[in-house]
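# Structural overview for review
Read off the chains here:
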Amino acid sequence: MTWISIFTGKSGFAASSTAEDVTKGIDGTGLTAIVTGATSGIGLETARVLALRGVHVVMPVRNIAAGEKAKESIAEKVPNAKLDVMELDVSSQESVRKFTSQYCSKGLPLNILILNAGIMSPPFTLSKDNIELQFATNHLGNFLLTNLLLDTMKKTARESGKEGRIVILSSELHQTTYKEGIMFDKINDEQSYNAMYAYGQSKLANALHAKELTRRLQEEGVNITANSLHPGVINTNLLRHNGIFAIFFNVVQSFLKNIPQGAATTCYVAMHPQLKGVSGEYFADSNLKKASKYAQDPELAKKLWDFSEKLTQAK
């Protein structure tokens, strides 16, 4: 138990709440969820807790062997878990299109889409689509994945009468970005690249994605919400490119969230009945939180949407 335990918010939950705490008593039987990045860390814990609550969880993974191992680890703890592993590299638009085509061909419903997969602060690298890797992975892949699955989610919400939920993992570091917020004209400029600012830029894009997606869904009158969140500061595999940060977090980890606590806000936003109809918001510690000025800018959100459509040809 650490000092974070005392800060209980209006939801009744705190930074110390775990994913099991925030979903206690919630029955997810009959729901189907996609959880990206579910082979380790908070993604794996999110998949486990959703399965524990009766949700059919689809785990899209880059490495099928790692995905099957993760599936087995969940099944050991949740014997009745309904789990499927499929291949997806969210940094590759070709892979995203292949996954969504295969998913839709299965005829599966989709109630919950959790966009958890991501990378943090690698050296400057271009994706297979020749786009800066953090922006390509953390935002564009998620943007394209969402757009290609929206019709399935709309159909599921319409036929089931149950609210669909899209959960996008952002970060408090969405505030630590370039001075322009999003460097539309210099996304691939190696000379301007700063690994942490580029990460912050991609996480700002996540929050803006939820904002503009909400506007569009509400305009259509669709029973689907979209929210972004900060999971907390946790020492996970996301830090593999950050030697100094990883060493620092190892030293102070007793003051930080553990993985069950780190997965709590995701599970809260994905499943809790308190959030019925709540959309376009930003959450931390399983409570509403005010995002940065950039993250609340509707014009910037629309500009990013148009820019993302152009880069993914997703219109």
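The structure under discussion appears in the preceding block.
Throughout what follows, the structure given in this document is the object of discussion. Keep in mind that this is a model prediction, so the values were computed, not measured. (Residues numbered from 1 in each chain as written. Predicted model: local features only at pLDDT ≥ 70, side-chain atom pairs only at ≥ 80, totals over all residues. Heavy atoms only, no water.)

So, on to the nonpolar core. In terms of nonpolar packing, the biggest core is built from 35 residues, with Leu50, Val57 and Ile114 touching the most fellow members. Secondary-structure elements contributing two or more residues to this core are helix H1 (19-23), strand S1 (32-35), helix H2 (41-52), strand S2 (56-61), helix H3 (64-77), strand S4 (112-115), strand S5 (164-169) and helix H9 (264-271). If one sorts the elements of this core by residue count, H9 sits on top with six residues. With residues near it in sequence (within four places) discarded, Val57 still touches Ala33, Val35, Ala47, Leu50, Ala51, Lys82, Leu83 and Asp84. Counting 25 residues, the second largest nonpolar core, distinct from the first, contains Met86, Leu150, Ala157 and Leu213. (Core = buried A, V, L, I, M, F, W, Y, C linked by side-chain atoms within 4.5 Å. Buried < 20%, exposed > 50% of the residue type's maximum accessible area, 1.4 Å probe, protein only. Helix = DSSP H or I, 4+ residues; strand = E, 2+ residues; numbered from the N terminus. Contact = heavy atoms within 4.5 Å.)

With respect to the secondary-structure elements, Arg165 resides in strand S5. Here the side chain of Arg165 touches Glu163 through a polar contact of 2.9 Å, side chain to side chain. (Polar contact = N/O pair within 3.5 Å; in protein donor to acceptor, adjacent residues only side chain to side chain.)

One way to put it is that H2 packs onto H3 with a least axis distance of 10 Å and a crossing angle of 40°. Here H3 runs oblique to H2, going by the angle between their axes. Seen along the crossing, H2 lies across H3 with a hand that is right-handed. The residues of H3 that touch H2, namely those facing Leu44, Ala47, Arg48 and Ala51, are Ala70, Ser73, Ile74 and Lys77. (Axes fitted to C-alpha atoms, helices over the stretch in contact; angles between N-to-C directions. Parallel < 35°, antiparallel > 145°, perpendicular 65-115°, else oblique. Left-handed = near helix turned anticlockwise from the far one by under 90°.)

Right, let's get into the pattern of salt bridges. Proximity of charged atoms lets side chains of opposite charge pair with each other. A full pass over the atoms with the stated rule returns eleven salt bridges. Across the pair Arg216 and Glu212 runs a salt bridge, and its minimum N-O distance is 2.9 Å. Taken together, the positions of Arg216 and Glu212, both in helix H6 (residues 195-220) and four residues apart, correspond to about one turn of that helix. Among the charged side chains, a salt-bridge network with shared partners connects Glu212, Arg215, Arg216 and Glu219. (Salt bridge = Lys/Arg side-chain N within 4 Å of Asp/Glu carboxyl O.)

On to the side chain of Ser202, then. Summarising the element assignment, Ser202 is placed in helix H6. In this view, Ser202 contacts Gln134, Phe135, Asn138 and His139; residues no more than four positions away in its chain are not counted.

Attention now goes to the environment of Gly200. Within the fold, Gly200 resides in helix H6. Along the chain, Gly200 and Glu281 lie 81 residues apart, while their C-alpha atoms are 18 Å from each other. Those residues within four positions of Gly200 in sequence are excluded, and the remaining contacts are Leu173, His174, Thr176 and Thr177.

What follows deals with the environment of Ile182. Checked against the element boundaries, Ile182 lands in the loop between S5 and H6. A residue is classified by how much of its surface remains accessible, and Ile182, at 3% relative accessible area, is buried. Spatially, the C-alpha atom of Ile182 lies 17 Å from that of Thr312, the residues being 130 residues apart in sequence. Excluding residues that lie within four positions of it along the chain, Ile182 makes contacts with Phe135, Gln201, Leu204, Ala205, Leu208, Leu300 and Leu304.

Each aromatic ring pair is described using two quantities: the centre-to-centre distance and the angle formed by the ring planes. Under the definition given, this model contains eight aromatic pairs. Taking the centre distance of 6.3 Å and the plane angle of 70° together, the rings of Tyr268 and Phe283 count as edge-to-face. Here Phe283 lies in strand S7 (residues 282-284) and Tyr268 lies in helix H9, a separation of 15 residues in the sequence. For the pair formed by Tyr268 and Phe283, the shared burial category is buried. Through a chain of ring-to-ring contacts, three or more aromatic side chains come together here, namely Phe13, Tyr268 and Phe283. For the cation-ring pair, Lys293 lies above Tyr294, with the distance from its terminal atom to the ring centre recorded as 6.0 Å. (Phe/Tyr/Trp six-rings, centres within 6.5 Å; stacked < 30°, edge-to-face > 60°. Lys NZ or Arg CZ within 6 Å of the ring centre and 35° of its normal.)

Moving on, we get to unusual backbone geometry. The backbone of Ser121 sits at a positive phi, close to 55°, despite the residue not being glycine. In this structure, Ser121 sits in the loop between S4 and helix H5 (133-160). A residue is classified by how much of its surface remains accessible, and Ser121, at 6% relative accessible area, is buried. Backbone geometry places Ser286, a non-glycine residue, at a positive phi of 55°. Relative to the helices and strands, Ser286 is located in the loop between S7 and strand S8 (287-288).

Across a sheet, strands are paired by hydrogen bonds formed along the backbone, either parallel or antiparallel in direction. On the basis of which strands lie adjacent, the open sheet formed by eight strands has the order S3-S2-S1-S4-S5-S6-S7-S8 and mixed pairing. Edge strands, defined here as strands with exactly one partner in the open sheet, are strand S3 (82-87) and S8. Relative to strand S6 (residues 224-230), S5 is paired through six bridges, and the arrangement is parallel. The residue bridging Ile166 from the neighbouring strand is Ala226, located in S6. Across the sheet, helix H4 (residues 93-105) touches S1, S2 and S3, and the angle it forms with S3 is around 140°. Running at roughly 165° to S4, H5 makes contact with S1, S4, S5 and S6 of the sheet. (Pairing = 2+ DSSP bridges.)

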